[in-house]
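Reading the structure
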Amino acid sequence: MKKDDKGYHILIVEDNFGDFVLIEEYLLDYILNPTLIHARSFQEAKLILEESKNTFDVVFLDLSLPDLSGEKLIVDTLEIANGMPVLALTGFSDLDFSLKSLALGVSDYLLKDELTPIILYKSIIYAIERNRHFDELQKSEKRYSELFHLSPLPMWVYDLETLAFLDVNQAAIQHYGFDRQDFLSKTLEHIRPSEDLPLLHNALKAYREGNSLYPKRVFRHVKKSGEIIKVEIESSAILFNQREAKLVLVNDITEKVQYIETIETQNRTFKEISWIQSHVVRAPLARLMGLVSLLESEAIESNPELNELLAHIKNSSIELDDIIRDISKKSESISPLDENDPRIANN
Amino acid sequence: MKMIPELLIIDDDEVLLMIISKMFKKVNPERNLNLFSSGKSALDRLEELKIEENTCFLMLDINLKDMSGWDFLKELESRNDQFSKVFLITSSVSQNNQEIAKKYSSIIGFFEKPITFDVINKIESIIESNTTLS
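Each chain has its residues counted from 1, following the order in which its sequence is written. For naming, the first written chain is A and the first written ligand is 1, with later ones following in the order written. Restriction of local features to residues with pLDDT of at least 70 applies here, the model being predicted, together with a cutoff of 80 or more for giving and counting side-chain atom pairs; totals for whole chains, interfaces and linings are based on all residues. Side-chain metrics rest on all non-hydrogen atoms present in the structure, leaving aside hydrogens and water.

1. Describing the packing of aromatic side chains
The relative placement of two aromatic rings is captured by the distance of their centres and the angle of their planes. Residue and element names in this part refer to chain A. The criterion, for reference: Here a Phe, Tyr or Trp ring, Trp counted by its six-membered ring, pairs with any other such ring whose centre lies within 6.5 Å, and the pair is stacked when the planes are under 30 degrees apart, edge-to-face when over 60, and tilted otherwise. Numbering of helices and strands runs from the N terminus, with a helix taken as a DSSP run of H or I at least four residues long and a strand as a DSSP run of E at least two residues long. Buried means the residue's accessible area, taken with a 1.4 Å probe over protein chains only, is under 20% of the maximum for its type, while exposed means over 50%, and partly exposed covers the values in between.
One pass over the structure, following the stated rule, counts twelve aromatic pairs over all chains. Each ring, one from phenylalanine 17 and one from phenylalanine 20, has its centre 6.1 Å from the other, and the planes form 35°; the classification is tilted. Placement of the pair is phenylalanine 17 and phenylalanine 20 together in helix H1 (residues 17-30), with a separation of three residues, close to one helical turn. For phenylalanine 20, a relative accessible area of 7% translates into the label buried. A centroid spacing of 6.4 Å and a plane angle of 70° characterise the contact between phenylalanine 97 and tyrosine 109, whose relative ring orientation is edge-to-face.

Here is the structure:
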């Protein structure tokens, strides 16, 4: 049989020398060259662990040491083990306590009388692998948590049933002006203008009946200062501490909306001006041109000098007409913004 | 004797009515003109003409004071008037009007102001060809 040749570092906390030797023998059956450190008491183990800086792959812990035992021993050891897997060893079969110690964070609970080399080896390998997965999971959770808390856009999680804020990020705190405690004592209703509450309740009612929660994604919110802002919302369902919740990302578009509205108003004025050009200004001009046409027919026979003057009036009016046509054509190419665009909705 | 159809000129601009009538006097003094400065008075006249079942022609300005030219045309359609042939006149240079005008079968011509002798001659020849046909 080929032995495991990884360089395991193992701490064995065991006051009974006979048991230590037995464990050592068993380990050597499957592991080629382990580094085994032996501590005979909790205090000794504590010193070793504190100096080791996480260099052990696994810690064996006898649950009855001369200076400490039982639950307290487990808790204290886990604390200084700082994430290293701890395998409990005991001479007594106590199912309740074994379950309890697992709940406290022990990776395995081994009965000395039932130990065999393979059981011991398996327990080490499993504990190390489990620990690695757990570690990755924690890192990934941390990454996601940072994504939430460090997001430059306001984000929060709210309870779908009570509408209470379950978590808020720093950007939300800054943007809305409520401090963290303040925020977490509020519900969605507190950040909506009171006249918009029916909208909120209708939306939630529709959601509970199976419709999409945000058919329209633009809402009005109220800051602590009372200022009303327009926001665009992105949200997704999550389970937060066993509660059905929504993760919300907020984008304040107040300025953008104001900007668009200003442009829209200007556009309307602009169109009005061009309508005046096209219809109102042109009417007297057209009359003038009609008169010139009429006068031309009268003047032809009589007076050549008058004819020349008429030609000038005619040319001037044609020139003016060309200018008006030009303005009118340009203004017709201005198309209005899409009125269904939620960003320019009126509330 | 050939029946000369009536030509109703409907425009709230009194000066323009004067210009148009002077122009017709030069182009065709025989033309039977009837001038109206409001849509309402012209519609009243058309009511009478309809009873006589005579084809008549209209020069209709789109922007009247008492109603728009479109309202005028809708009123004609609701009366089921088959005898009125319309030249639509506008002082606007917008393309929209020409598009809307296509929806009305009573419109047989579309002219932008100014009304010059060119326009009067064109209208005159269209009236001529329409009258001989009927």
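2. Focus: the sheet that holds strand E7 (residues 165-168) of chain A
All names here are of chain A. Rule in force here: A strand pair is defined by DSSP finding two or more bridges across the two strands. Axes, fitted as lines to C-alpha atoms, cover a helix only where it is in contact. Angles between the N-to-C directions of the axes lie from 0 to 180 degrees.
Pairing within the open sheet is antiparallel, and its five strands lie in the order E7-E6-E10-E9-E8. Both outer strands of the open sheet, E7 and strand E8 (218-222), are each paired with one neighbouring strand and no more. Across the sheet, the axes of successive neighbouring strands diverge by a mean angle of 40°, strand direction being ignored. Across five bridges, strand E6 (residues 155-159) lies against strand E10 (residues 243-252) in antiparallel orientation. Within the sheet, the bridge partner assigned to valine 157 lies in E10 and is leucine 247.

3. Description of the pairing of E6 of chain A
Residue and element names in this part refer to chain A. Of all the five residues making up E6, five are buried; the element is thus mostly covered by neighbouring parts of the structure. Inspection of the sheet shows E6 paired to E7 by three bridges, in the antiparallel sense. Counted as the bridge partner of valine 157 is aspartate 167 from E7. If you look at the hairpin formed by E6 and E7, you'll find five residues sitting between the two strands, and leucine 163 has a positive phi there, around 65°.

4. Considering the packing of H1 of chain A against helix H5 (residues 117-149) of chain A
Between two packed helices, the angle of one axis relative to the other and the distance separating the axes together describe the packing. All names here are of chain A. Note the threshold: Any angle between 65 and 115 degrees counts as roughly perpendicular, while under 35 counts as roughly parallel, over 145 as roughly antiparallel, and the rest as oblique. Two residues form a contact once any of their heavy atoms are found within 4.5 Å. Put simply, Ala, Val, Leu, Ile, Met, Phe, Trp, Tyr, Cys and Pro go in the nonpolar bin, Asp, Glu, Lys and Arg in the charged bin, and everything else, Gly too, in the polar bin.
Packing of H1 against H5 brings their axes to within 8 Å, and their N-to-C directions diverge by 75°. With respect to H5, the axis of H1 lies roughly perpendicular. Contacts from Ile23, Tyr26, Leu27, Asp29 and Tyr30 in H1 reach Pro117, Ile118, Leu120, Tyr121 and Ile124 in H5. Its residues assigned to classes, the contact of H1 with H5 comprises nine nonpolar, no polar and one charged.

5. Some details on the interface of chain A and chain B
What counts here: Here the quantity called buried area is the accessible surface, traced with a 1.4 Å probe, that two parts lose on coming together, added over both. Here, a salt bridge means any side-chain nitrogen of Lys or Arg that lies within 4 Å of a carboxyl oxygen of Asp or Glu. A 3.5 Å cut-off defines polar contacts: any pair of N or O atoms within that distance qualifies, except that in protein one atom must be a possible hydrogen donor and the other a possible acceptor, and neighbouring residues in sequence count only when both atoms are side-chain atoms.
The interface is formed by 16 residues belonging to chain A together with 19 residues belonging to chain B. Taken together, both faces of the contact between chain A and chain B bury some 1,600 Å²; the carbon and sulfur share is 62%. Here aspartate 13 of chain B ties to arginine 287 of chain A by a salt bridge, and the two come within 2.5 Å at their closest N and O atoms. The interface formed by chain A and chain B holds five residue pairs in polar contact (both at pLDDT 80 or more) in total. Those elements that provide at least two residues to the side of chain A that touches chain B are helix H9 (254-302) and helix H10 (304-332) of chain A. For the side of chain A that touches chain B, the leading source of residues is H9 of chain A, giving 13 residues. Classifying every residue of the side of chain A that touches chain B gives five nonpolar, six polar and five charged.

6. Brief notes about the sheet that holds strand E2 (residues 32-36) of chain B
All names here are of chain B. The five strands are arranged E2-E1-E3-E4-E5 in an open sheet whose pairing can be described as parallel. In the strand order of this sheet, the two ends are held by E2 and strand E5 (107-112), each with one partner. The mean angle between the axes of side-by-side strands here comes to 20°, regardless of whether they run parallel or antiparallel. Pairing analysis gives five bridges linking strand E4 (residues 84-90) to E5, with the strands arranged parallel. Across the sheet, residue leucine 88 finds its bridge partner in E5, namely phenylalanine 110. Here helix H1 (residues 14-27) sits on the sheet and contacts strand E1 (6-10), E2 and strand E3 (56-61); the angle it forms with E2, its principal contact strand, is near 175°.

7. What about the pattern of salt bridges?
Tallied over the entire structure, the rule returns 33 salt bridges over all chains. Taking the shortest distance from any N to any O, the salt bridge between arginine 132 of chain A and glutamate 136 of chain A comes out at 3.6 Å. Placement of the pair is arginine 132 of chain A and glutamate 136 of chain A together in helix H5, with a separation of four residues, close to one helical turn. One salt bridge connects glutamate 75 of chain B with arginine 79 of chain B, and the closest N-O pair in it is separated by 3.1 Å. Taken together, the shared-partner salt bridges connect Glu14, Asp19, Asp62 and Lys112 of chain A into one network.

8. A word on the environment of lysine 314 of chain A
Residue and element names in this part refer to chain A. Looking at the secondary structure, you find lysine 314 in helix H10. Residue classification places lysine 314 among the partly exposed positions, given a relative accessible area of 33%. Beyond its immediate stretch of four places on either side in the chain, lysine 314 contacts Val292 and Glu296.

9. Quick look at a nonpolar patch on the surface
Which entries qualify depends on this criterion: Exposure above 30% relative accessible area and no salt bridge define the residues that can form patches, which grow by joining like charges within 9 Å and nonpolar side chains of Val, Leu, Ile, Met, Phe, Trp and Tyr within 5 Å. For accessible areas, the Shrake-Rupley method is used with a probe of radius 1.4 Å. Any residue's cover is judged against the shown protein chains and nothing else.
On the surface, a nonpolar cluster with roughly 340 Å² of combined accessible area is contributed by Trp275, Ile276, Val280 and Val281 of chain A. Mapped onto the elements, valine 280 of chain A comes out in helix H9.

10. Considering the pairing of E1 of chain B
Residues and elements named next belong to chain B. Definition in use: Orienting the strands away from the viewer, one traces the path from the first strand over the helix to the second; a clockwise path indicates a right-handed crossover.
Counted residue by residue, E1 has five buried out of five residues, so it is predominantly covered. Burial of E1 is two-sided: the residues Glu6, Leu8 and Ile10 facing one way and the residues Leu7 and Ile9 facing the other way are all buried. Pairing of E1 with E2, which is carried by five bridges, proceeds in the parallel orientation. Residue pairing in the sheet places isoleucine 9 in a bridge with leucine 35 of E2. Following the backbone out of E1, through H1 and into the adjacent parallel E2, one traces a crossover that is right-handed. Where E1 and E3 come together, four bridges link them in parallel fashion. If you follow leucine 8 over to E3, its bridge partner there is leucine 58.

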